[in-house]
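Listed below are the residues making up each chain.
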Amino acid sequence: MSALLRDHPRPAAPVPRPGVLAIDAYVPGRSQAPGVAKVFKLSSNETPLGPSPRARDAYLACAPFLQDYPDGSAAVLRAAIGAVHGIDPDRIVCGAGSDELLALAARAYLGPGDECVFTQFGFLVYRIATLAAGATPVVAAERDHTAEVDAILACVTPRTRVVFLANPNNPTGTYLPYAEVLRLHAALPARVLLVLDAAYCEYLTRADYDPGLALALAAPNVLMTRTFSKIHGLAALRLGWAVGPAPVIDALNRVRGPFNVTGPAIAAGAAAIADHDHVARAVAHNAHWLPKLSAGLRALGLPVTPSVTNFVLVHFPDPEARAAADRFLTARGLIARPVGAYGLPAALRITVGSEEANNLVVRAFADLLVGGAT
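- As named in an unreviewed UniProt entry, the protein is Histidinol-phosphate aminotransferase, taken from Aquabacter spiritensis.
- Checking UniProt for the protein, the heading Catalytic activity (unreviewed entry) contains the comment "L-histidinol phosphate + 2-oxoglutarate = 3-(imidazol-4-yl)-2-oxopropyl phosphate + L-glutamate".
- Taken verbatim from the UniProt record of the protein, the Sequence similarities (unreviewed entry) comment is "Belongs to the class-II pyridoxal-phosphate-dependent aminotransferase family. Histidinol-phosphate aminotransferase subfamily."

Right, here's the structure in full:
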């Protein structure tokens, strides 16, 4: 150390503003099982079908141009999304996964003294984004691991500025019918931004469900977010999009970074969203295996929360039993997701995987519970 540096005064270290140190960092699903030859990652709700071949080709075609900045407006991707969903591209904003878009909404509409409401087992990013913006998180109770409109409305105060609603929800896999979403919106003050997080909406084909696209296009205070990470299989590229009223989209564009979506992600996303056949295959695979996996686990006596997504939430008598089951699965190369951070310490979330993976999960639990394990 030089004499100049040694004699330099040492002031107190910078202190983050209130709320930042209250954030528990998001921990992604594990991906490895040491000592196991073949691993099935069922911890992050990734599609077992992988991305569209068209998306892969579009991504690879960008390799000669990595020195170029991407289009900051993601115009090609917004146009592709608009063409598929019948949306004016000017009403769309793209981000590095829907996570970034949720954070942008918080940054644009929340600050110290404001409150943000989300449900008891809602996506962890809601709390993180709220605290990062300096606002106060307010948690609405759920019933049977499902959001309740009246519980959400009971949490709304004059300080409420944002309500986050995952529909369907992660990690529970439950959903609210569209009629309930409309009831929630109708009862919210106009100053409150309702953010409908529809990351898993493609898997849900029930007649009483709607992701909220029409509402986001018609209402002045609704934003709907979507992702390419799940059904489109582009999780590695970090890509999402949101649609809403022009003033809300303008606000998000003002607080986002100028090049928040990469060129390869733009190209792959535009190709993926246009590949309707690939999406249909992913929906069909999940529609076949979600009930089979759920039924197989219930037949073994395991409580499983009814899910409409591409994962199941499995419950155990206590956290110790959950941990033992997790270790047993991991030893067989089956990586599940503990969800203690969500307030569910006695549950595991398990993604619907390939045929082989799903059958192995049921077989592993049978060996563990019925007594055939060695």
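1. Description of the sheet that holds strand β4 (residues 136-140)
Okay, step 1: Read from one edge to the other, the open sheet built from seven strands follows the order β2-β8-β7-β6-β5-β3-β4, with strand pairing classed as mixed. This sheet does not close on itself; its edge strands, each paired only once, are β2 (92-95) and β4. Going from strand to strand, the sheet's axes swing by 20 degrees on average, the running direction of each strand aside.
Okay, step 2: Contacts from helix α7 (residues 178-187) reach β5 (160-166), β6 (193-197) and β7 (222-227) within the one sheet, and its direction differs from that of β6 by about 160 degrees.
Okay, step 3: Packed on one face of the sheet, helix α9 (residues 246-255) meets β2, β6, β7 and β8 (240-243) and runs near 30 degrees to β2.

2. Thoughts on the packing of helix α4 (residues 97-109) against helix α5 (residues 124-132)
Okay, step 1: Relative to each other, α4 and α5 sit at 35 degrees, their axes nearing to 9 Å. Of the two elements, α4 crosses α5, and the hand of that crossing is right-handed. Contacts from D99, L102, A103 and A106 in α4 reach V125, Y126, A129 and T130 in α5.
Okay, step 2: Residues that form the contact of α4 with α5 fall into these classes: six nonpolar, one polar and one charged.

3. Overview of the pattern of salt bridges
Okay, step 1: Summed over the entire model, instances satisfying the criterion amount to 13 salt bridges.
Okay, step 2: Taken together, the shared-partner salt bridges in this structure form one network comprising D150, E180 and R183.

4. Points about the nonpolar core
Side chains that are nonpolar tend, in soluble globular proteins, to be buried together.
Okay, step 1: One finds L77, I81, C94, L165, F228 and W241 to be the most contacted residues of the largest nonpolar core, which totals 51 residues.
Okay, step 2: The element that contributes the greatest number of residues to this core is helix α10 (residues 263-274), accounting for six residues.
Okay, step 3: Beyond its immediate stretch of four places on either side in the chain, L165 contacts Y126, A147, I152, L176, V181, L184, V195, L196 and D197.

5. Observations regarding the domain arrangement of the protein
Okay, step 1: Structurally, the protein comprises domain 1 (29-49 + 277-372) and domain 2 (53-275).
Okay, step 2: For domain 1 versus domain 2, the distance between C-alpha centres works out to 26 Å.
Okay, step 3: Opposite the 24 residues of domain 1 that make contact, domain 2 presents 26 residues.
Okay, step 4: With both chains or domains summed, domain 1 and domain 2 bury close to 2,200 Å², and 65% of this area falls on carbon and sulfur atoms.
Okay, step 5: On the domain 1 side of the contact with domain 2, V279, V308 and Y342 bury the most area, a combined 31% of that side's loss.
Okay, step 6: Counting the contacts that link domain 1 with domain 2 gives seven residue pairs in polar contact (both at pLDDT 80 or more).

6. Some remarks on unusual backbone geometry
Okay, step 1: A cis amide bond, omega 0 degrees, links N167 with the succeeding residue P168.
Okay, step 2: Secondary-structure assignment places P168 in the loop between β5 and α7.
Okay, step 3: With an omega of 25 degrees, the peptide bond running from N170 to P171 counts as cis.
Okay, step 4: Even without being glycine, D144 reaches a positive phi, approximately 55 degrees.

7. Remarks on the UniProt feature "modified residue: N6-(pyridoxal phosphate)lysine" (unreviewed entry) in the protein
Okay, step 1: The positions that UniProt labels "modified residue: N6-(pyridoxal phosphate)lysine" (unreviewed entry) are, in the present scheme, K230.
Okay, step 2: Tracing the chain through its elements places K230 in the loop between β7 and β8.
Okay, step 3: Residue K230 is classed as buried on the basis of its relative accessible area of 15%.
Okay, step 4: With residues near it in sequence (within four places) discarded, K230 still touches S44, N45, T47, A199, Y200 and Y203.
Okay, step 5: Within polar-contact distance, the side chain of K230 engages the backbone oxygen of S44 at 3.1 Å.

8. Thoughts on the sheet that holds strand β10 (residues 311-315)
Okay, step 1: Within the open sheet, the four strands sit side by side as β9-β10-β13-β12. Their pairing is antiparallel. With partners counted over all chains shown, the strands left at the sheet margins are β9 (304-305) and β12 (337-339), one partner each.
Okay, step 2: Where helix α11 (residues 276-299) meets the sheet, it contacts β9, β10 and β13 (344-351), and its direction lies at approximately 10 degrees from that of β10.
Okay, step 3: Across the face of the sheet, helix α12 (residues 319-331) comes into contact with β12 and β13 while running at roughly 30 degrees to β13.

9. Overview of helix α3 (residues 75-85)
Okay, step 1: Within the sequence span of α3, burial applies to L77, R78, A80, I81 and G82.
Okay, step 2: Buried residues along α3 sit in contact with β2, β8 and α10.
Okay, step 3: In the segment just after α3, G86 is the residue with positive phi, at about 70 degrees.

10. Notes on the packing of helix α2 (residues 53-60) against α10
Okay, step 1: Put simply, α2 and α10 touch, their axes get as near as 8 Å, and they point 160 degrees apart. With respect to α10, the axis of α2 lies roughly antiparallel. Classified by chirality, the crossing of α10 by α2 is right-handed. When α2 is examined against α10, the residues R54, A55, A58 and Y59 are found in contact with a partner set consisting of P264, A267, A268, A271, A272 and A274.
Okay, step 2: Of the residues contributing to the contact of α2 with α10, the split by class is nine nonpolar, no polar and one charged.

Thresholds applied
Residues numbered from 1 in each chain as written. Predicted model: local features only at pLDDT ≥ 70, side-chain atom pairs only at ≥ 80, totals over all residues. Heavy atoms only, no water. UniProt positions renumbered as here; feature names shortened; annotations may be inferred. Pairing = 2+ DSSP bridges. Helix = DSSP H or I, 4+ residues; strand = E, 2+ residues; numbered from the N terminus. Axes fitted to C-alpha atoms, helices over the stretch in contact; angles between N-to-C directions. Contact = heavy atoms within 4.5 Å. Left-handed = near helix turned anticlockwise from the far one by under 90°. Nonpolar A, V, L, I, M, F, W, Y, C, P; charged D, E, K, R; others polar. Salt bridge = Lys/Arg side-chain N within 4 Å of Asp/Glu carboxyl O. Core = buried A, V, L, I, M, F, W, Y, C linked by side-chain atoms within 4.5 Å. Buried < 20%, exposed > 50% of the residue type's maximum accessible area, 1.4 Å probe, protein only. Domains from an automatic or database assignment. Buried area = accessible area lost by both parts, 1.4 Å probe. Polar contact = N/O pair within 3.5 Å; in protein donor to acceptor, adjacent residues only side chain to side chain. Parallel < 35°, antiparallel > 145°, perpendicular 65-115°, else oblique.

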